[in-house]
Amino acid sequence: MEPSGESLWRKTGLKMAQENLFAALRAAFPANLDAVAVETDQGLNYTWRDLDRASAMMANLLESLKLPKGSRIAVQVEKSVEAMMLYLATLRAGYVFLPLNTAYQSAEIEYFIGNAEPAVVVCSGANFGWVSKIAFKSGTQHVFTLNDDRTGSLLERAAHHSDQHTPAKRSHDDLAAILYTSGTTGRSKGAMLSHQNITANARQINMLDPHSAVNQPNGAADDRILGVLPFFHVFANATVLNRTVANGGEIVMLPRFEARAALAAINRTKVTSLPGVPTMYQALLDCPDVTKTDFTSLRACISGGAPLAAELKERFETVTGAVVIEGYGLTESSGVVSCNPYEGINKIGSIGQPVPGTDVKLVDKEDPSKPAPDGEPGELVFSGPQTMCGYWNRKDADAEVFLGKYLRTGDVATIDEDGFIHIVDRLKDMIAVGGFKVFPSQVEDVLYKHPAVKEALVIGVPDAYLGEVPRAFVTLHDGATEDDAELTAWLNPRLGKHERVQGVTILDVLPKTMIGKLDRKALRSAVGS
């Protein structure tokens, strides 16, 4: 494994990032600025020239507000090309981009705005009334609107500014973005990502792709990525937006994931890459149009955000002929820590090897100051140029997650003889059964072997004698007739004594996050209530 830091930049032929992230992305724009950069589901084509001019106008608008250096620009809008332009404009003007989940309501927005203290808030016109009230009460100076139909006060004001702009000078360790964690335990924390963090991770992701410009001396091969993930999430920000712009590729943008629309886009545009979460791949398989879809253009389907069940990977590859590559990352890693190779060994059940410039190791689950015992799972820690600067206004949380230059992931893992990482489970998800530790994912893996089980989540529930015990919740494939008792009777004999579940409950749906990841936290809340 390569050490972190400057080795990555030497390998890519670049100096250590000392520039504004936008400047690095702008340098990757193709020579032909009239080539298509983004295609929408409405048949609109935006060129690289469009991105350049519009981001310049928005950047000039932001600069006209005379904001202090480091000001945060909070954005809660639906996905659109104009929202992507606002991201580029914020970087270009040297401010800090702060994307917020579009599902957040007043209580969450009040917390995030109060915590981050943005100088500017951009929201949809429909939400302007309540968002602006919260923002102005918290001291925000400017609130603009931006809608997904290319309207709003932001665009109206930007139209009066020049389409020429020189990117603000920023050093590699200046902040480029603050992305809040999903808050699986306690309040969400803002991961501070520098210009170098994000630039480095975009380069790292492209170094994995044999067809990228980094690996092709004569220029990148045809690069067209299907953007179905929400841009406020680090997965999309890293694997759809930053890496594609940094490679001079094209984004086929859909406003949200819908299986039939995604399959139609694959047929129509011949995308070469599809990043998604496992539930999206399951939804594509469940859609009748899957058998009418030509997947031959896809060089890679990138799975992340949640563990990929071996049965789902095998079935998707059998039905579509496309290859599913599992990777792994965190908000705190600017996106990606590890990934299976695009070509060569692709290990089922593994999150792959560390991306270039990243060092990983295992530490003791009980005492992270010690290495994990030989041959035993340990907590995965990593270091590299993509490692966040820290949490916004949370020095106490920094002290908990940093081990020198390494960052604790909270994930228990093993590393095999080939350097491939295998996640066992989340430390915080472990169930304490009478003094024994049970990993929910190991019970879920067994459940997925039952042909009727479509989705599965296991959580700990209170038990008067053992403290807590596992309980499983599943959804079934269409046509399945099994009941709770039958599944419980099938499952428990296949588990160790302390892994055996209190029962299996069949639900119509399991809770999911905005990106489609199965939501264990929401399930715990629902069961607890």
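Our subject is the structure listed above.
Reference entry: report on the structure contained in this document.

How each quantity is defined
- Residues numbered from 1 in each chain as written.
- Predicted model: local features only at pLDDT ≥ 70, side-chain atom pairs only at ≥ 80, totals over all residues.
- Heavy atoms only, no water.
- Core = buried A, V, L, I, M, F, W, Y, C linked by side-chain atoms within 4.5 Å.
- Buried < 20%, exposed > 50% of the residue type's maximum accessible area, 1.4 Å probe, protein only.
- Helix = DSSP H or I, 4+ residues; strand = E, 2+ residues; numbered from the N terminus.
- Contact = heavy atoms within 4.5 Å.
- Disulfide = S-S within 2.5 Å.
- Salt bridge = Lys/Arg side-chain N within 4 Å of Asp/Glu carboxyl O.
- Phe/Tyr/Trp six-rings, centres within 6.5 Å; stacked < 30°, edge-to-face > 60°.
- Lys NZ or Arg CZ within 6 Å of the ring centre and 35° of its normal.

1. Quick look at the nonpolar core
Core analysis: the biggest nonpolar cluster contains 131 residues, and M84, L226, L274, F316 and L491 have the highest contact counts within it. Looking at which element gives the most residues to this core, the answer is helix α4 (residues 81-93), with 10 residues. When sequence neighbours within four positions are dropped, the list of residues in contact with L274 reads L226, V228, I266, Y281, L284, L298, A300, C301 and I302. Core analysis: the second largest hydrophobic core is formed by 20 residues, A74, F112, V131 and V143 among them.

2. Description of the state of the cysteines
Scanning the entire structure with this criterion turns up 0 disulfides. In this structure C339 is a free cysteine whose sulfur lies 12 Å from that of C301, the closest cysteine sulfur available.

3. Concerning the pattern of salt bridges
When charged atoms on two side chains of opposite charge get close, those side chains can pair. Applying the stated criterion across every chain, the model contains 26 salt bridges. The closest approach of N and O atoms between D34 and R49, which form a salt bridge, is 2.9 Å. Placement of the pair is D34 in the loop between α2 (21-27) and β1 (36-40) and R49 in helix α3 (residues 48-64), with a sequence separation of 15 residues. Here D34 falls in the partly exposed class, since its relative accessible area comes to 47%. Judged by relative accessible area, R49 falls into the partly exposed class, the value being 36%.

4. Observations concerning the environment of P99
Checked against the element boundaries, P99 lands in strand β4 (residues 96-99). Classification of P99 as buried rests on a relative accessible area of 10%. If we ignore the near neighbours within four places in the chain, the residues touching P99 are V75, I178, L179 and F232.

5. Focus: the packing of aromatic side chains
Under the definition given, this model contains 7 aromatic pairs. Relative to F112, the ring of Y111 has its centre 5.1 Å away and its plane inclined at 65 degrees; by these criteria the two rings are edge-to-face. Here Y111 matches F112 in class, with each residue buried. Relative to F316, the ring of Y281 lies with its centre 5.1 Å away and its plane at 70 degrees, an arrangement referred to as edge-to-face. In this pair, Y281 sits in helix α11 (residues 278-286) while F316 sits in helix α12 (residues 310-320), placing the two residues 35 residues apart along the sequence. For Y281, a relative accessible area of 2% gives the class buried. Every member of this aromatic cluster is reached through a ring pair, and the members are Y104, Y111, F112 and Y180. Above the ring of Y391, the side-chain terminus of K189 is found at 5.2 Å from the ring centroid. Here K361 stacks its cationic end above the ring of Y406, 4.2 Å away from the centre of that ring.

6. Description of helix α5 (residues 106-116)
For α5, the set of buried residues is I109, Y111, F112, I113, N115 and A116. With its phi angle positive at about 50 degrees, E117 sits one or two positions after the end of α5.

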